[in-house]
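Here is how the chains run, residue by residue.
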Amino acid sequence: MSSPLRTASYDKSPEIYVQGFELAACEGWETIARTLLQKITQRSATKTVLVIDCYPGVDLTELQDHMIQALPATLTVDADQAKRSEADIHALIKRNLTDDRVFGVISCHQLDEFFDSDKIRDLQAKISAAEGLVVVYGPGAALITRGDILVYADLARWEIQQRYRRGELGNWGVNNTDEDILRRYKRAFFIEWRVFDRHKTPLLKSADFILDTNRPQHPVMVSGEAFHAGLRQTTAQPFRVVPFFDPGVWGGQWMKHQFDLDPEAPNYAWCFDCVPEENSLLMRFGNVRVEIPSQDLVLLYPQALLGEKVHARFGAEFPIRFDFLDTIGGQNLSCQVHPLTEYIQQNFGMHYTQDESYYILAAEPDAEVYLGIKTGIEPQAMLEDLRAAQRGEKAFDDEKFINRFPAKAHDHFLIPAGTVHCSGAGTMVLEISATPYIFTFKLWDWGRVGLDGLPRPVHIEHGEQVIDWQRDTAWVQSHLINHIEPLGHGEGWREERTGLHEREFIETRRHWFSEAVDHHTEGRVNVLNLVQGDEAIVESPDHRFEPFTVHYAETFIIPAAVGAYRIRPVNPDGKTLATLKAWVRG
Ligand SMILES: O=P(O)(O)OC[C@H]1O[C@@H](O)[C@@H](O)[C@@H](O)[C@@H]1O
């Protein structure tokens, strides 16, 4: 392994300290109920309607038993009562759901389409006839009434996925807790999360309180005002999202040692350390830590975070993804290809595609990356071989068809969609890619089964429609491997362009430095990783944010609104550090 083991300095729980709202959050059901009662009392009204809208996956039984029951409600309304039937909902989303295990079609539905307007009217009549305290709760509660006090109970997607895996949770609007995990994830990714993100955005803007329900039996609540102050502060300083680590059939051992992860885990394959759509943010208000989906920041403050140009082009979506793929002590990823832009648009309703790159953080001496097809091969022969392998008749002859290139630390492999590729065993990849990450058409999975003992889904029928057969040995060598161009230098630093390919919208720059380097967002969000060196400090030249410490391999985000920032090495030994920075071109 080319990188020696270090003491684990990588911070797995980065927090944002929100200034000026030290008393704005509280924790525990009892305290939360008391805070709500105070708010109700302060209204001095004979009737109060308290609405607790929820992201799907929030534990409604816990909410009922520990909080709603503690409130002196004269009427309690569960929004589920107004939901359309499972069959109706299925008919509405059938086309988006598809029969495939992995791929659906992105939904444009609005949440009110999933509710029965007559039932909503009945509930509204009941609510207006009631006196005293009325509590309306559950996903979609605010469709029935906006009420007098609004609480939004939120939940991060990563926690939702854990609940799916533990068999505790199915999708919203269907009784499918036992269904294949891939299918439940698909329904959430393509439909449910889209619809509920759309529904929650205006609610988060006006909610009196945000309820963090990520930790079972450890609820935390923060005022809407403090929540927004925290998000606004976040758009004016460097920050990190909460990384999550996941095992996989090809997973390795490097992250486990490097990041001090559970030594009992068999391996770790992925680390998502900057996929704001799925990660969460930790905001600290005094003694209380609140966890919210980092997507909330993207939905609520896209201009300040992304910058005008990026927001105009992508909407409220964070387009840059940094993640790790660890195969050191593991196995090859599946041999795969990603859809071309028109293919992802026309088949899956995504507006941009899964363009990727592999930046090598560390590698075993014999590590290799598979990239592009061999010059002169016959496409039909390769597809036939893949199909025969898929039928189980023989192993795919990768030697015959796919290039392999040696990989060492700091190499950068560019992978525009349509290029057949995978990282081989013995490689620690920092993926710097466009955000879509599930549009992987596996072509060959080396004849193995997944962690669940079942073959992982292979999609040769999609893959064959998007493989670019021009990307052969010579083309790949000259266009996709270490396309490194020196750009500038100064006292104790030099800058290089490392990618990405011209078909990809991300620009990447590497700085080698032993002295401070000045950077500027130029009005676009920057995402960086400290790819060499133990520690550096990100500072504001005019003291507009607190100095922010980053450690080796941590990914950090500089919102567009930050403007100028400086990265100073912490290197008493004078060693050279390196950052890899990405932003959206154009
Ligand atoms: O298909 P497997 O083997 O799990 O590899 C999957 C990984 O491959 C990489 O090239 C990327 O496409 C990742 O987004 C993906 O998670």
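Just so you know, these numbers come straight off a predicted model, no measurement behind them.

Cut-offs applied
Residues numbered from 1 in each chain as written. Predicted model: local features only at pLDDT ≥ 70, side-chain atom pairs only at ≥ 80, totals over all residues. Heavy atoms only, no water. Helix = DSSP H or I, 4+ residues; strand = E, 2+ residues; numbered from the N terminus. Rg over C-alpha atoms; globule rule 2.2 N^0.38 Å. Buried < 20%, exposed > 50% of the residue type's maximum accessible area, 1.4 Å probe, protein only. Contact = heavy atoms within 4.5 Å. Areas by Shrake-Rupley, 256 points an atom, 1.4 Å probe, with all protein chains shown as cover. Domains from an automatic or database assignment. Buried area = accessible area lost by both parts, 1.4 Å probe. Salt bridge = Lys/Arg side-chain N within 4 Å of Asp/Glu carboxyl O. Polar contact = N/O pair within 3.5 Å; in protein donor to acceptor, adjacent residues only side chain to side chain. Nonpolar A, V, L, I, M, F, W, Y, C, P; charged D, E, K, R; others polar. Core = buried A, V, L, I, M, F, W, Y, C linked by side-chain atoms within 4.5 Å. Phe/Tyr/Trp six-rings, centres within 6.5 Å; stacked < 30°, edge-to-face > 60°. Near = heavy atom within 4 Å. Pairing = 2+ DSSP bridges. Axes fitted to C-alpha atoms, helices over the stretch in contact; angles between N-to-C directions.

A. Focus on the overall build of the protein. A count of helical and extended segments in the protein gives 17 helices and 31 strands. Relative to the 2.2 N^0.38 estimate, which gives 25 Å for 586 residues, the radius of gyration of the protein is 25 Å and therefore close to what a compact globule would have. In the protein, buried positions account for 61% of the 586 residues. Put simply, 78% of the contacts in the protein that link residues at least 6 apart link residues at least 24 apart. Accessible surface, the protein as shown: approximately 22600 Å² in total, 48% of it carbon and sulfur.

B. Quick look at the domain arrangement of the protein. Considered domain by domain, the protein is made up of domain 1 (15-234) and domain 2 (244-292 + 307-479). For domain 1 versus domain 2, the distance between C-alpha centres works out to 34 Å. Facing the 36 residues of domain 1 at the interface are 31 residues of domain 2. With both chains or domains summed, domain 1 and domain 2 bury close to 3000 Å², and 64% of this area falls on carbon and sulfur atoms. For the pair domain 1 and domain 2, the number of links is five salt bridges. Across the pair Arg 289 and Glu 15 runs a salt bridge whose closest N-O atoms are separated by 2.8 Å. Remark: the boundary between domain 1 and domain 2 carries 14 residue pairs in polar contact (both at pLDDT 80 or more). Mapped onto the side of domain 1 that touches domain 2, the elements with two or more residues apiece are strand 1 (15-17), strand 2 (25-27), helix 6 (157-165), helix 7 (181-206), strand 8 (220-223) and helix 8 (224-234). Looking at the side of domain 1 that touches domain 2 residue by residue, the class counts come to 22 nonpolar, five polar and nine charged.

C. Up close: the nonpolar core. With 182 residues, the main nonpolar core has Ile 52, Met 255, Phe 318, Phe 324 and Met 382 as its most contacted residues. With 10 residues, helix 7 is the largest single contributor of residues to this core. Each of domain 1 (15-234) and domain 2 (244-292 + 307-479) accounts for three or more of the residues forming this core. Sequence-distant contacts of Phe 324, that is, excluding residues within four places in its chain, are made with Tyr 10, Met 255, Phe 259, Ala 269, Trp 270, Cys 271, Leu 361, Met 428, Val 429, Leu 430, Asn 529 and Ala 553. Counting 15 residues, the second largest nonpolar core, distinct from the first, contains Leu 528, Leu 530, Val 538 and Phe 556.

D. The arrangement of the packing of aromatic side chains in detail. According to the stated counting rule, one finds 34 aromatic pairs in the structure shown. Taking the centre distance of 5.2 Å and the plane angle of 75° together, the rings of Trp 172 and Phe 196 count as edge-to-face. Linking Trp 172 in the loop between helix 6 and helix 7 with Phe 196 in helix 7, this pair joins segments that are 24 residues apart in sequence. Taken together, the ring pairs connect Phe 103, Tyr 185, Phe 189, Phe 190, Trp 193, Tyr 343, Phe 348, Phe 439 and Phe 441 into an aromatic cluster.

E. Expanded view of the site of the ligand. Inspection of the region around the ligand gives 17 residues, with Trp 270, Ser 334, Tyr 358, Lys 442 and Arg 456 positioned closest. Here an oxygen atom of the ligand sits 2.7 Å away from a polar atom, N or O, in the side chain of Arg 456. For the ligand, whose free accessible area comes to 390 Å², the fraction covered by protein is 96%. Elements represented by at least two residues in the shell around the ligand include exactly strand 13 (320-326) and strand 15 (356-363).

F. The arrangement of the sheet that holds strand 12 (residues 288-293) in detail. Strand order in the open sheet made by the three strands is 1-11-12, with mixed pairing throughout. Two strands bound the open sheet, and with one partner strand each, they are strand 1 and strand 12. Pairwise comparison of adjacent strand axes, ignoring direction, gives a mean angle of 30° for this sheet. Sheet contacts for helix 8: strand 1, strand 11 (280-285) and strand 12; angle to strand 11, the most-contacted strand, approximately 115°.

G. Representation of the side chain of Thr 327 within the structure. Mapping Thr 327 onto the fold places it in the loop between strand 13 and strand 14 (335-337). In contact with Thr 327, other than residues within four places in its own chain, are Trp 250, Gly 252, Leu 333, Ser 423, Gly 424, Ala 425, Gly 426 and Thr 427.

H. Helix 8, seen in detail. Counting buried positions over the 11 residues of helix 8 gives nine, a clear majority of the element. Regarding helix 8, the residues found buried are Gly 224, Ala 226, Phe 227, His 228, Ala 229, Gly 230, Leu 231, Gln 233 and Thr 234.

I. Representation of the pattern of salt bridges. Applying the stated rule across the entire model yields 43 salt bridges. In this structure, Asp 118 and Arg 121 form a salt bridge, with 2.6 Å as the shortest nitrogen-oxygen distance. In this pair, Asp 118 and Arg 121 are both assigned in helix 4 (residues 117-129), three residues apart and thus about one turn of the helix distant. Given the relative accessible area of 45%, Asp 118 is considered partly exposed.

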